[in-house]
Amino acid sequence: MLFALLLCHYIIPLKIFIDLAIFYPELFLTNDMRKITDTITTFDTYMKIFEKKKDLIQYLDNFRSSKRDPSLSAEKKKKSIGYAQDKSIGFVPTMGALHSGHLALVERAKKENDLVVSSIFVNPTQFNNKEDLKKYPRTLEADIKKLEAVKCDILFSPGEKEMYPPEDMDNDLVIDFNGLDTVLEGKFRPGHFKGVTTVVAKLFNIVQPDIAYLGQKDAQQALIIKKMVLDLNMGL
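Let me begin by describing the structure that accompanies this report. Given the structure is predicted, the values throughout are model-derived calculations rather than measurements.

### What about the sheet that holds strand E1 (residues 48–50)?
(1) Moving on: Sheet architecture is open: 5 strands sit in the order E1-E4-E3-E2-E5, paired in parallel fashion. A single partner strand is all that each edge strand has here, and the edge strands are E1 and strand E5 (211–212).
(2) Moving on: Here strand E2 (residues 89–94) runs beside strand E3 (residues 115–120); their pairing, made up of 6 bridges, is parallel. Looking at the pairing, valine 92 lines up with serine 118 of E3.
(3) Moving on: Packed on one face of the sheet, helix H3 (residues 53–65) meets E1, E2, E3 and strand E4 (154–156) and runs near 150° to E4.
(4) Moving on: Relative to E2, helix H5 (residues 100–112) is tilted by about 170°, and along the sheet it contacts E2, E3 and E5.

### Examining the pattern of salt bridges
Should the charged atoms of two oppositely charged side chains come close, the side chains can pair.
(1) Moving on: Applying the stated rule across the entire model yields 8 salt bridges.
(2) Moving on: For the salt bridge of glutamate 162 with lysine 53, the shortest nitrogen-to-oxygen distance reads 3.6 Å. Highlighted residues: glutamate 162 in helix H8 (residues 160–163) and lysine 53 in helix H3, separated in sequence by 109 residues.
(3) Moving on: For glutamate 162, a relative accessible area of 15% puts it in the buried group.

Conventions we followed
Residues numbered from 1 in each chain as written. Predicted model: local features only at pLDDT ≥ 70, side-chain atom pairs only at ≥ 80, totals over all residues. Heavy atoms only, no water. Pairing = 2+ DSSP bridges. Helix = DSSP H or I, 4+ residues; strand = E, 2+ residues; numbered from the N terminus. Contact = heavy atoms within 4.5 Å. Axes fitted to C-alpha atoms, helices over the stretch in contact; angles between N-to-C directions. Salt bridge = Lys/Arg side-chain N within 4 Å of Asp/Glu carboxyl O. Buried < 20%, exposed > 50% of the residue type's maximum accessible area, 1.4 Å probe, protein only.

Rendered as structure tokens:
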């Protein structure tokens with residue numbers, strides 16, 4: 001008799017609760033969590049993929065405020081900026097069409113941070129020739145597989161209107177690079193580095209990484225971005 005009462009009042013309801021949690025987890029989401037989940041692009045991947053900057057910002061804010069994992073390796077403790085206060089975030093911005101160089105940056109970021117964010121956005125403002133913009137390869141699904149293979153945590157893949165809403169189109173970022181942006185490649189591509197620094201500044205403000213990882217193949221671009229970070233006191 002006692003066993004029957006326990007079965008009816010405790011065991012069966014507990015089993016039902018567990019089954020619901022496993023097969024219908026959305027029933028247990030808060031409103032804020034549900035809003036974020038609804039805006040994550042669905043792919044067969046554990047990597048979270050965001051298209052809206054406000055949702056990515058909210059997710060990263062929650063991540064920073066969460067309790068630090070006590071099992072964090074000594075290497076990460078040593079290398080992570082702001083270890084005592086927050087979880088560190090590494091950021092690898094890209095325009096997609098990923099190759100081994102991009103993936104090596106993600107792997108390095110994984111070793112040095114608690115969370116790694118990469119972005120894929122083909123930035124129209126850095127193309128002088130519209131035909132070049134049209135021809136630039138878009139390989140999102142293949143890039144997602146490559147990022148997951150190196151265990152990237154988050155992908156930010158916004159559309160053009162998300163990065164350049166109509167109301168912001170007249171707000172240009174103006175930084176004096178002391179002529180660095182008008183020589184070498186800049187001499188033949190006027191306005192190119194203005195477009196690069198504008199989108200990188202936007203991405204840095206959205207992600208607010210502790211460490212950003214950029215390829216050194218284009219030394220001129222790397223120097224210009226470093227100067228922008230210093231001039232705008234971004235703290236990277």
